[in-house]
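Okay, here's what each chain looks like letter by letter:
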Amino acid sequence: MDRIRSLFQKKEPEQEYAPLNEDSQFLENTRSHEQEHDVPFSWMEYGIFALLGVAMLWAWNMFLAAAPYFQGRFQTDEWVLQNFQSAIISVSTVTNLSAMAILTNIQYTASYPFRINLALYINIAVFALLTISTSAFLDATPGQYLVFVLIMVAGTAWAAGLIQNGAFAFAASFGRPEYMQAIMAGQGVAGVLPPLTQIISVLVAPPKESTTDAAEGTHGAGHAAFIYFLTAVLVSLLAIVGFIPLVRRHNRIVESRMVENMAASFNSIEEAERAARKVVSISTLFRKLHWLAAAVFMCFAIAMFFPVLTPKVLSVTPPESASPLLKPAAFIPLGFFFWNLGDLGGRSSALIFPCRDRPVILFAVSIMRTLFLPLYALCNIHGRGAVINSDVFYLLLVQFPYGLTNGWLASNCMMAAGEWVDEGEREASGGFMGLCLVAGLTFGSLLSFTAAGI
């Protein structure tokens, strides 16, 4: 019993796997919190990191939101129409994981601000081309347009790897766990807005059901896709502008550390940064962060079932007598909205309810989240009837807590990583945890195909 109890008790600093910072609880006010960090907290910097989090996932969410437009472009080819979503997911996850694996192993010469900026410029170029494609080259065959889309997906996936590796490592270098949480919160915002926009658009302009309006519906989807893609360009531009003062702030921090360490002999900020940076092997990071790495991996592996299961659940109210909000065109994005709303709430609550000094508990929670998956069998899958005949049960007791636990768990894991390694290893730990996150997404996306036939 003593051995089991010791797993859930905070270990002492002299043990191998123990946090090097004692601020395991989020303190009640900023002043007392700052006393334990050499870098003061700034809400402006928090907001910029949150904006980077939004830009990090905005591209992926725009591809999801533009699914009706892609269906219109692919409707003349049955094979492409049935397989384009699986192709997009596969290309995205495999490319993203490959990028993260390569970048995580390039530490000493890494310029994380460069990686972040490069990712944002790639997204601008990709989504500018996608924006143009909504009004040009409309005579391309579905096969040709699918190849174009997959190339664009690969570009954004590589950019996602750059910005995930760069932003997590860059945030960890500040030594403020709140900034890591800011990125996670920004990702939550990027998840909430697209389904909310889709719900509003369906309620304001319901889709027309007659076959004579099919061309008009496709034309309307083209206008919507134009807006989605152009918005992604604007978000990336805004992130680039917002990132400038953050880099300047980071350089001032490095300069002050150079003075404190009498390191004035360095010719540049980059030289000083590399001198202080430790090159850490993945095996060393895993040895120190194995519980956190496993927890964030499982967190996102389990999370990838929700995009597959959510479109299958319909309102218990028959479509012919349902209000516009309960019809499939609005109810399905409503399910996505409640999951993402819970996810955003969970990411934000990690500041109020931290568990960064209990990595074993975080891993246990990641395993327990598998219990949400059987709950979908109690809902109205494909309109075949529900065991629990209630939309409230589905939205508030399945989707919302499923997302809530995802956000809380992911944020705590990412925030804790920098506290369980040496100061010079923080950047590497941020990149390593980003790699584990993407590995979980890739594994979960492949595993979720087991639920595709439900």
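As the structure is a prediction and not an experimental result, all values here were calculated from the model.

Notes on unusual backbone geometry
Here comes step 1: Non-glycine residue Phe 137 carries a positive phi angle of around 55°.
Here comes step 2: Mapped onto the elements, Phe 137 comes out in the loop between α6 (112-133) and α7 (142-173).
Here comes step 3: Phe 137 gets classed as exposed once you look at its relative accessible area, which sits at 64%.
Here comes step 4: Residues other than glycine seldom take positive phi values, yet His 382 does so here, at roughly 55°.

Structural notes on helix α4 (residues 67-74)
Here comes step 1: By the criterion of burial, α4 is predominantly enclosed, with six of the eight residues buried.
Here comes step 2: Taken residue by residue, α4 has Ala 67, Tyr 69, Phe 70, Gly 72, Arg 73 and Phe 74 as its buried positions.

Describing the pattern of salt bridges
Here comes step 1: Considering all chains together, one arrives at seven salt bridges under this definition.
Here comes step 2: When the shortest N-O distance is used, the salt bridge between Arg 347 and Asp 343 registers 2.8 Å. In this pair, Arg 347 and Asp 343 are both assigned in helix α13 (residues 328-349), four residues apart and thus about one turn of the helix distant.
Here comes step 3: A salt bridge links Arg 358 to Asp 357, with the nearest nitrogen and oxygen atoms 2.7 Å apart.
Here comes step 4: Judged by its relative accessible area of 24%, Arg 358 falls in the partly exposed class.

Focus: the packing of α6 against α7
Packed helix pairs are specified by the crossing angle of their axes together with the interaxial distance, meaning the distance between the axes.
Here comes step 1: The interhelical angle for the contact between α6 and α7, taken along N-to-C directions, is 155°, at an axis separation of 8 Å. Taken together, the axes of α6 and α7 lie roughly antiparallel to each other. In the crossing of α6 with α7, the sense of the turn from one axis to the other is left-handed.

Some remarks on the side chain of Ser 133
Here comes step 1: Within the secondary structure layout, Ser 133 lies in helix α6.
Here comes step 2: The exposure class assigned to Ser 133 is buried, which follows from its relative accessible area of 5%.
Here comes step 3: When sequence neighbours within four positions are dropped, the list of residues in contact with Ser 133 reads Tyr 69, Arg 73, Leu 138, Tyr 145 and Phe 148.

Quick look at a nonpolar patch on the surface
Here comes step 1: A cluster of nonpolar side chains, Phe 226, Ile 227, Leu 230, Leu 234 and Leu 237, forms an exposed patch at the surface whose accessible area comes to about 430 Å².
Here comes step 2: As for its position among the elements, Leu 230 is in helix α9 (residues 214-260).
Here comes step 3: Overall, Leu 230 belongs to the partly exposed group, its relative accessible area being 34%.

Focus: the environment of Ile 88
Here comes step 1: In this fold, Ile 88 is placed in helix α5 (residues 78-104).
Here comes step 2: Assessed through its relative accessible area of 6%, Ile 88 is described here as buried.
Here comes step 3: The spacing of Ile 88 and Trp 60 is 28 residues in sequence and 9.9 Å in space, taken between C-alpha atoms.

Examining the packing of aromatic side chains
Here comes step 1: In total, this model carries 29 aromatic pairs according to the counting rule given.
Here comes step 2: Pairing Phe 70 with Phe 229 gives two aromatic rings, centres 6.4 Å apart and planes at 35°, and the pair type is tilted. With Phe 70 in helix α4 and Phe 229 in helix α9, this pair connects stretches of sequence that are 159 residues apart. Each member of the pair, Phe 70 as well as Phe 229, carries the same accessibility label: buried.
Here comes step 3: The side chain of Arg 73 reaches across the aromatic face of Tyr 145, ending 3.8 Å from its centre.

Let's talk about the packing of helix α15 (residues 391-417) against helix α16 (residues 426-447)
Here comes step 1: α16 packs onto α15 with a crossing angle of 150° between their chain directions and a minimal axis gap of 9 Å. Between α15 and α16, the angle falls in the class roughly antiparallel. Regarding α15 and α16, the two cross each other, and that crossing is right-handed. Of the residues in α16, those touching α15 at Cys 413, Met 414 and Ala 417 are Ser 429, Met 433, Gly 434 and Leu 437.
Here comes step 2: Here the contact of α15 with α16 is composed, by residue class, of five nonpolar, two polar and no charged.

With respect to the nonpolar core
Most often, soluble globular proteins have nonpolar side chains that are buried together.
Here comes step 1: Ranked by size, the top nonpolar core spans 94 residues in total, and within it Phe 49, Phe 70, Phe 127 and Met 433 carry the most contacts.
Here comes step 2: With 14 residues, α7 is the largest single contributor of residues to this core.
Here comes step 3: Two domains each provide a minimum of three residues to this core, namely domain 1 (41-205 + 216-277) and domain 2 (281-453).
Here comes step 4: With near-sequence residues (within four places) excluded, Phe 49 lies in contact with Ala 167, Phe 170, Ala 171, Phe 174, Tyr 179, Ala 182, Ile 183 and Leu 246.

Cut-offs used in this document
Residues numbered from 1 in each chain as written. Predicted model: local features only at pLDDT ≥ 70, side-chain atom pairs only at ≥ 80, totals over all residues. Heavy atoms only, no water. Helix = DSSP H or I, 4+ residues; strand = E, 2+ residues; numbered from the N terminus. Buried < 20%, exposed > 50% of the residue type's maximum accessible area, 1.4 Å probe, protein only. Salt bridge = Lys/Arg side-chain N within 4 Å of Asp/Glu carboxyl O. Axes fitted to C-alpha atoms, helices over the stretch in contact; angles between N-to-C directions. Parallel < 35°, antiparallel > 145°, perpendicular 65-115°, else oblique. Left-handed = near helix turned anticlockwise from the far one by under 90°. Contact = heavy atoms within 4.5 Å. Patch = residues over 30% accessible without salt bridge, like charges linked within 9 Å, V, L, I, M, F, W, Y side chains within 5 Å. Areas by Shrake-Rupley, 256 points an atom, 1.4 Å probe, with all protein chains shown as cover. Phe/Tyr/Trp six-rings, centres within 6.5 Å; stacked < 30°, edge-to-face > 60°. Lys NZ or Arg CZ within 6 Å of the ring centre and 35° of its normal. Nonpolar A, V, L, I, M, F, W, Y, C, P; charged D, E, K, R; others polar. Core = buried A, V, L, I, M, F, W, Y, C linked by side-chain atoms within 4.5 Å. Domains from an automatic or database assignment.

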